[in-house]
Amino acid sequence: MKVELTINGDDYACDVEPDLTLLSFLRDVLGLTGTKWGCLTGDCGACTVLVEGEPVVSCLQLACQVQGREVTTVEGLETADGLDEVQAAFVSNGASQCGFCTPGMVMSVEALLRTNSSPDEAEIREALAGNLCRCTGYSKIVDAVLQAAAQRRSAAGSSAGNVS
Amino acid sequence: MADVFIPGSIEEAVAFLADHPATAMPIAGGTDILVDTRTGRSRPERLVDLSGLRGFGGFELDGELLRLGALTRIRSIELDAELARRAAALVEAARVLGSVQIRTMATVGGNLCHATPSAEMPPALLVHEAVAEITGASGRYSTPLADFFVSPGRTILAPGDLLTAVRARVPSSTSGSCYLRQTVRWSMDLAGVGVAASVHVKEGAVSKASVALSAVAPVPMVVAGAEDAVVGTDLGSDVLAEAGRRAAQACAPISDARGTADYRREVVSVLVPRALRIAWLRATASWPEGSPAPANGVWTGMWTGELR
């Protein structure tokens, strides 16, 4: 089955098995192993990616169902200047221990910050309810999200200032 | 390994499913079906992908009528401010279903057709007098949602039948609804008990009411007799307690990992009064507009009507 889609800004056209998941497509066909293979039942969120900017668990999404759509994985976040604000905040806050859940966490946070630029702790915990971390206890993850959100707001504020 | 058929129209989907009754299964959001295939609960040879069909996603409000396409994503219900005012129970049920990722993928039709006894959408839709619109090989028909569920995992849909939309009555300014649930964990859990209530108020008294339950019977159920207990009253605490007792008697829970049958009955008798009370406050404009019910329906001063 032919699938054409955009991943991290690059166009792909591939022949895939009809019931191949987006997760397997990313990891096994394209070698984008940042997206993690966790529970395969949609519970852990380690495989979270964005489809058209919205977070989905790629283990429960068939590759053929994202035909013609735009997918963003953790590999697509880094800019020419290095890690993006969310990734950098996870590093500086020690929000990652074994690191297995981190790509999924980061993608859920990216989705949250696209629609809510100043989430409070409750909103952050709600947005991350579908991302399990067995190491950190979540406190440092919440700290990282608060910091990343603040940095994005201040960056947006200063660039708006430059325009005016 | 399953093959995937991508129909170009609802008619094509219906014809394909009718031609392959034993081996084909529809898929939309995939959040139940793909889990079932992984755990071996179902082994379809062919998946019919409905997710790309046009005209079955999204909802429209026409007066008091809400029409939800079967492919409407749970997340789009959760985030709609107009629905929060008009169909609070539905939005509250959507807010607690799975995670953001699951709600982004899962559809109303899938939540209903999977017929899980603890599913969130059924009780919320039942108190809004929902009707299922179905397209099958022999044409289209409608049926009250209360008659839709047969047993755990089974609906009245025959092979080839597809749920295409759900119609619901959404309250006017003198009506309100509420959905509450009991879970073991705060999130990513199935309801141990789910309770939805709706109340219509006329001249200071209940003119019409409905209570529906999930996770306490083989199928989502409307509580017969709940309305009789509350109509004509202003929902005083004795009346509410009686409604709770009737609901607890009417249900038929089992004991499992989420609670014993006795515990579930007890929770029903507690959550039904709270859900009715919040629905009443919404119907009488005493609840902050668009504001969700607190966890477990508890807030300071709830019995005096004083809000947080």
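The preceding data block contains the structure.
Calculation rules
Residues numbered from 1 in each chain as written. Chains lettered and ligands numbered in written order. Predicted model: local features only at pLDDT ≥ 70, side-chain atom pairs only at ≥ 80, totals over all residues. Helix = DSSP H or I, 4+ residues; strand = E, 2+ residues; numbered from the N terminus. Buried ≥ 20, exposed ≤ 12 C-beta atoms within 10 Å, placed from the backbone. Contact = placed C-beta atoms within 7 Å. Nonpolar A, V, L, I, M, F, W, Y, C, P; charged D, E, K, R; others polar. Pairing = 2+ DSSP bridges. Axes fitted to C-alpha atoms, helices over the stretch in contact; angles between N-to-C directions. Arc of directions from axis to C-beta. Parallel < 35°, antiparallel > 145°, perpendicular 65-115°, else oblique. Left-handed = near helix turned anticlockwise from the far one by under 90°.

Peer 1: Looking at this structure, I do not really get the overall build of chain B. What am I missing?
Peer 2: Across its full length, chain B carries 11 helices and 14 strands. Looking at chain B as a whole, 54% of its 308 residues are labelled buried. For chain B, restricting intrachain contacts to residue pairs at least 6 apart in sequence, the fraction spanning at least 24 positions comes to 63%.

Peer 1: Whenever I open this one, the interface of chain B and chain A confuses me. Can you help?
Peer 2: How big an interface is tends to be reported as the loss of accessible area on association of its parts. At the interface, 22 residues of chain B touch 23 residues of chain A. Those elements giving two or more residues to the side of chain B that touches chain A turn out to be strand S1 (3-5), helix H2 (33-39), strand S3 (46-49) and helix H6 (100-105) of chain B. Taken together, the residues of the side of chain B that touches chain A sort by class into 11 nonpolar, eight polar and three charged.

Peer 1: Please clarify how the sheet that holds strand S6 (residues 131-136) of chain B should be interpreted in this entry.
Peer 2: What links the strands of a sheet is backbone hydrogen bonding, and the strands pair in either a parallel or an antiparallel sense. All names here are of chain B. If you walk across this open sheet you meet the five strands as S4-S5-S10-S6-S7, and the pairing is antiparallel. Two strands in the sheet have a free side with no partner beyond their single neighbour: strand S4 (59-62) and strand S7 (139-144). Strand-to-strand twist of the sheet, defined as the mean angle between neighbouring strand axes without regard to direction, takes the value 20°. As defined by bridge partners, strand S5 (residues 65-69) adjoins strand S10 (residues 162-169) across five bridges and the pair is classed as antiparallel. In the sheet register, Leu66 faces S10, and the bridge partner there is Ala168. Across the sheet, helix H1 (residues 10-19) lies against S6 and S10, angled at about 120° from S10, the strand it touches most.

Peer 1: Got a minute to help me understand the environment of Arg185 of chain B in this structure?
Peer 2: Residue and element names in this part refer to chain B. When you line up the elements, Arg185 lands in the loop between strand S11 (175-182) and strand S12 (193-202). Note on Arg185: 8 C-beta atoms within 10 Å, which makes it exposed. In this structure the C-alpha to C-alpha distance between Arg185 and Arg258, which are 73 residues apart in sequence, comes to 9.9 Å.

Peer 1: Can you help me understand H1 of chain B in this one?
Peer 2: The α-helix advances 3.6 residues per turn, and as a result positions three or four apart in sequence lie on the same side. All names here are of chain B. Here H1 has its buried residues at Ala13, Val14 and Leu17. The arc that holds the buried residues of H1, viewed along the axis, is 95°, so those residues lie on one side. Seen from the open side of H1, the exposed residues pointing more than 90 degrees away from its buried face are Glu11 and Asp19.

Peer 1: Just checking my understanding: could you explain the sheet that holds strand S5 (residues 70-72) of chain A for this structure?
Peer 2: Residues and elements named next belong to chain A. Pairing is mixed in the open sheet, where five strands are placed in the order S2-S1-S5-S3-S4. Pairing within the sheet leaves two strands with one partner each, and these edge strands are strand S2 (10-15) and strand S4 (54-57). The sheet shows a mean angle of 40° between the axes of neighbouring strands, direction not considered. Two elements, strand S3 (residues 48-51) and S4, share four bridges in a ladder whose sense is antiparallel. When the sheet's bridge partners are listed, Leu50 is paired in S4 with Pro55. Across the sheet, helix H3 (residues 102-115) touches S3 and S4, and the angle it forms with S3 is around 35°.

Peer 1: Is there a simple way to think about the environment of Gly45 of chain A in this case?
Peer 2: Counting through the fold element by element, Gly45 of chain A comes out in the loop between helix H1 (22-29) and S3. Here Gly45 of chain A falls in the buried class, since 29 other C-beta atoms lie within 10 Å of it. Spatially, the C-alpha atom of Gly45 of chain A lies 23 Å from that of Ser118 of chain A, the residues being 73 residues apart in sequence. For Gly45 of chain A, the residues in contact, after removing those within four places along its chain, are Val57, Gly104, Ser108, Gly130, Asn131 and Leu132 of chain A together with Ser99 and Gln101 of chain B.

Peer 1: Can you help me understand the packing of helix H10 (residues 237-250) of chain B against helix H11 (residues 261-283) of chain B in this one?
Peer 2: The packing of two helices is summarised by the inter-axis angle and the distance between the axes. Residue and element names in this part refer to chain B. Between H10 and H11, the least distance of the axes is 8 Å, while the angle of their chain directions is 135°. By the angle between their axes, H10 is oblique relative to H11. Regarding H10 and H11, the two cross each other, and that crossing is right-handed. Contacts between H10 and H11 pair Leu240, Ala241, Ala243, Gly244, Arg245, Ala247 and Ala248 from the former with Arg265, Val268, Ser269, Val270, Val272, Pro273, Leu276 and Arg277 from the latter.

Keep in mind these numbers describe shape, not what the thing actually does.
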